[in-house]
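Examining the three-dimensional arrangement
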Amino acid sequence: QKGTKQKKFQGGPPTTLAATAILSLSQLLQTCYNFNFRSNLLQIIVRQANHRSCEEVRSSCCQALAAMFSKDVQGEASLEAVRRMSKMIKERQQHSGGRRGGIIVRPE
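Cut-offs applied
Residues numbered from 1 in each chain as written. Predicted model: local features only at pLDDT ≥ 70, side-chain atom pairs only at ≥ 80, totals over all residues. Heavy atoms only, no water. Helix = DSSP H or I, 4+ residues; strand = E, 2+ residues; numbered from the N terminus. Buried < 20%, exposed > 50% of the residue type's maximum accessible area, 1.4 Å probe, protein only. Contact = heavy atoms within 4.5 Å. Axes fitted to C-alpha atoms, helices over the stretch in contact; angles between N-to-C directions. Parallel < 35°, antiparallel > 145°, perpendicular 65-115°, else oblique. Nonpolar A, V, L, I, M, F, W, Y, C, P; charged D, E, K, R; others polar. Core = buried A, V, L, I, M, F, W, Y, C linked by side-chain atoms within 4.5 Å. Disulfide = S-S within 2.5 Å. Expected span 1.5 Å × (residues − 1). Salt bridge = Lys/Arg side-chain N within 4 Å of Asp/Glu carboxyl O.

Turning next to the overall build of the chain. A tally of regular secondary structure across the chain gives five helices and zero strands. Secondary structure of the chain in N-to-C order comes out as α-α-α-α-α. Within the span of the chain, comprising 108 residues, buried residues form 33% of the whole. Taking the intrachain contacts of the chain between residues at least 6 apart in sequence as the baseline, contacts between residues at least 24 apart amount to 65%.

The structure is reproduced here in structure tokens:
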């Protein structure tokens, strides 16, 4: 139908290949968050940090974001991640379950 938006389906747990790719991306974010494709990487990591059906993926993404927040001295990457989180929460019109909020205010 024209003019209707289809929702992306975030169904069951990711396949083994998808989970491996996401875990690799979260490791990349932890080690090297300042590079040309940071926006693409953050888009995936932020979205997967809210993945309900795979705790390993969610945990890895949240840890990657927490590591980036603590290492980001200039704050540019952190600001971009927070903006993406805010946008995702607004789009879904629900609470994030406190996980990301804990990352943002967690003292280190």
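Turning our eyes to something else, we now look at the packing of helix α1 (residues 16–31) against helix α3 (residues 55–71). Closest axis-to-axis distance for the α1/α3 pair is 8 Å, and the angle between their directions is 10°. In terms of orientation, α1 lies roughly parallel with respect to α3. On α3, the residues touching Ala19, Ile22, Leu23, Ser26, Leu29 and Gln30 of α1 are Glu56, Val57, Ser60, Cys61, Gln63, Ala64, Leu65, Ala67, Met68 and Lys71. Residues that form the contact of α1 with α3 fall into these classes: 10 nonpolar, four polar and two charged.

Attention now moves to the nonpolar core. Counting residues in each nonpolar core, the largest one holds 21 residues, and the members touching the most others are Leu29, Leu65 and Met68. In terms of residues, this core owes the most to one element, α3, which gives seven residues.

Right, let's get into the state of the cysteines. If you walk through the whole model with that rule in mind, you get zero disulfides. Unpaired in this structure, cysteine 54 has its nearest cysteine sulfur neighbour in cysteine 61, at a distance of 9.3 Å. Cysteine 62 carries a free sulfur, and the closest cysteine sulfur to it, the one in cysteine 61, is 7.0 Å from it. Judged by its relative accessible area of 5%, cysteine 62 falls in the buried class.

With 17 residues, α3 should cover 24 Å at 1.5 Å per step; its first-to-last C-alpha distance of 24 Å lies within 8% of that length. The set of residues buried in α3 consists of Val57, Arg58, Ser60, Cys61, Cys62, Ala64, Leu65, Ala66, Ala67, Met68 and Phe69.

Summed over the entire model, instances satisfying the criterion amount to three salt bridges. A salt bridge links arginine 38 to glutamate 80, with the nearest nitrogen and oxygen atoms 3.0 Å apart. With arginine 38 in helix α2 (residues 38–48) and glutamate 80 in helix α4 (residues 76–92), this pair connects stretches of sequence that are 42 residues apart. When sorted by exposure, arginine 38 lands in the same class as glutamate 80, which is buried. For glutamate 55, the salt bridge identified is with arginine 58, shortest N-O distance 2.5 Å. Of this pair, glutamate 55 and arginine 58 both sit in helix α3, three residues apart, roughly one helical turn. Judged by relative accessible area, which is 40%, glutamate 55 ranks as partly exposed. One salt-bridge network, in which partners are shared between bridges, spans Arg38, Glu80 and Arg84.

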